[in-house]
Amino acid sequence: MRVADIDSESEAIACSIDDRGRLAVTIDRSDRLNAVDDAVREETCHLLEAVDDDAVRCVTFEGAGEKAFSAGADVDSVADRTPAEALDVTPLYEVVAEFPRPTLAAIDGYCLGGGHELALACDLRVATTDSEFGFPEIGLGLLPGGGGTQRLVRLVGEARAKELVFRGDRIDAERAADWGLINRAVPPEAFDETVESYVDDLASGPPVALKVAKTVLNNAEDTSLGAGMAMESQAFGFLTTTEDFEEGQRAFQEDREPEFEGR
Ligand code: COA
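Owing to the predicted nature of the structure, the values given are computational and were not obtained by experimental measurement.

Chemist: Would you explain the site of the ligand in this entry?
Modeler: Taken together, 15 residues form the shell around the ligand, and within it R32, K67, A71, A73 and V75 come nearest. Contact distances for the ligand include 2.7 Å between an oxygen atom and a side-chain N or O atom of K67. Note that a nitrogen atom of the ligand is positioned 2.9 Å from one of the backbone N or O atoms of V75. In isolation the ligand has 860 Å² of accessible area, and contact with the protein removes 61% of it. Grouping the constituent residues of the shell around the ligand by class yields nine nonpolar, no polar and six charged.

This is the structure in structure tokens:
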């Protein structure tokens, strides 16, 4: 399905694709600080499930407006849920984490709760130094319910994960980078340029190798070292059979940039 068709059906998100294959998704609820409600969840899942993967080389997520990437789950919609419905929050985060192209959260402002979980479900995170990160759920008598506890502990370790979840305090982007929660914290004036340089690398990279590397890395934490090494060497062997590898070799020999086709 074409992105333009999906965008015309969407109210809570805006999406577009450029000629490099960057699928840009913006949570478009700036009056609610881009809080993640059912519409954001459903429209984002629908987009990522319906879009033609071959047309996409990478996905970026950002928040509309000046203040927030996302201030978390929409508190009103959480309050209206039955316990059974509350179990349904995770599919969004799994769909994002499993999307077969690299994903990047471009964060400028509050990155809290369910918004923070969306960022953690992405492969990479770049933020302005004005951004703040936290899990305020404990203050509502809840815990992060979209994979936050699990992804957090894997990224930053148990002590820091517990500090964020138990205390509910926000940390700034520099500390988030220091903790390994995000890849880069950059001054606001360098933000667009930094995001663009990540997008350039991801969009011009070899799609099959990036897809396979994502799968191998996503599974690394939950696998024994031996099984992980076997998975990696099989993936490596497979990639040596691709046309992209031939192109990469040729480009190296001819001293030019490769043009990968994803085959
Ligand atoms: N769900 C629904 N609405 C939200 C929201 C959320 N998670 N976060 C912010 N909003 C709304 C506010 O209610 C406010 O609406 P109003 O203008 O109709 O009053 C609007 O967004 C702007 O937020 P406001 O609180 O006025 O901005 P602020 O700069 O003073 O504070 C925050 C920003 C992020 C500190 C504060 O909005 C906040 O604590 N939000 C809730 C965060 C949270 O608990 N998330 C986890 C939910 S499980």
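Moving on from the model shown.
Chemist: Please clarify how the environment of N219 should be interpreted in this entry.
Modeler: The residue N219 is located in helix α11 (residues 207-220) in this model. Distance in space between the C-alpha atoms of N219 and M231 is 9.3 Å, their sequence separation being twelve residues.

Chemist: Just checking my understanding: could you explain α11 for this structure?
Modeler: For an α-helix, the turn length of 3.6 residues means that residues three or four places apart are oriented alike. Along its 14 residues, α11 runs 20 Å from first to last C-alpha, staying within 8% of the 20 Å computed at 1.5 Å per residue. Residues of α11 that are buried in the fold lie against α5 (90-98), β5 (103-107), α12 (225-239) and α13 (243-253).

Chemist: Quick question: what am I supposed to make of the sheet that holds strand β4 (residues 68-70) here?
Modeler: Sheets are built from strands that pair by backbone hydrogen bonding, the pairs being arranged parallel or antiparallel. Across the sheet, four strands lie side by side as β4-β6-β8-β9; this open sheet has mixed pairing. For this open sheet the edge positions go to β4 and β9 (171-172), each flanked by a neighbour on one side alone. Its contacts with the sheet place helix α6 (residues 113-121) against β4, β6 (110-112) and β8 (132-134), and it is angled at close to 90° to β6.

Chemist: I tried to follow helix α7 (residues 148-156) on my own but got confused; where do I start?
Modeler: Taken residue by residue, α7 has G148, R151, L152 and V156 as its buried positions. Each buried residue of α7 sits inside an arc of 100° when the element is viewed along its axis, so together they form one side. Elements in contact with the buried residues of α7: α5, α6, α8 (158-167) and α9 (173-179). Of the residues flanking the end of α7, it is G157, one or two places downstream, whose phi is positive at about 90°.

Chemist: Teacher, can you tell me more about the pattern of salt bridges here?
Modeler: Pairing between side chains becomes possible if they bear opposite charge and their charged atoms approach one another. In this structure the tally under the stated criterion is 21 salt bridges. Across the salt bridge formed by E62 and R22, the nearest N and O atoms sit 3.7 Å from each other. With a gap of 40 residues between them, E62 in strand β3 (residues 58-63) and R22 in strand β2 (residues 22-27) connect regions that are remote in the sequence. Looking at E62, the relative accessible area reads 25%, which means it is partly exposed.

Chemist: For this particular structure, what's the right way to read a nonpolar patch on the surface?
Modeler: Judged by side-chain polarity, V75, V78, L140 and L142 come together as a nonpolar surface patch covering roughly 320 Å² of accessible area. Residue placement: L140 occurs in the loop between β8 and α7.

About the thresholds
- Residues numbered from 1 in each chain as written.
- Predicted model: local features only at pLDDT ≥ 70, side-chain atom pairs only at ≥ 80, totals over all residues.
- Heavy atoms only, no water.
- Near = heavy atom within 4 Å.
- Polar contact = N/O pair within 3.5 Å; in protein donor to acceptor, adjacent residues only side chain to side chain.
- Areas by Shrake-Rupley, 256 points an atom, 1.4 Å probe, with all protein chains shown as cover.
- Nonpolar A, V, L, I, M, F, W, Y, C, P; charged D, E, K, R; others polar.
- Helix = DSSP H or I, 4+ residues; strand = E, 2+ residues; numbered from the N terminus.
- Expected span 1.5 Å × (residues − 1).
- Contact = heavy atoms within 4.5 Å.
- Pairing = 2+ DSSP bridges.
- Axes fitted to C-alpha atoms, helices over the stretch in contact; angles between N-to-C directions.
- Buried < 20%, exposed > 50% of the residue type's maximum accessible area, 1.4 Å probe, protein only.
- Arc of directions from axis to C-beta.
- Salt bridge = Lys/Arg side-chain N within 4 Å of Asp/Glu carboxyl O.
- Patch = residues over 30% accessible without salt bridge, like charges linked within 9 Å, V, L, I, M, F, W, Y side chains within 5 Å.

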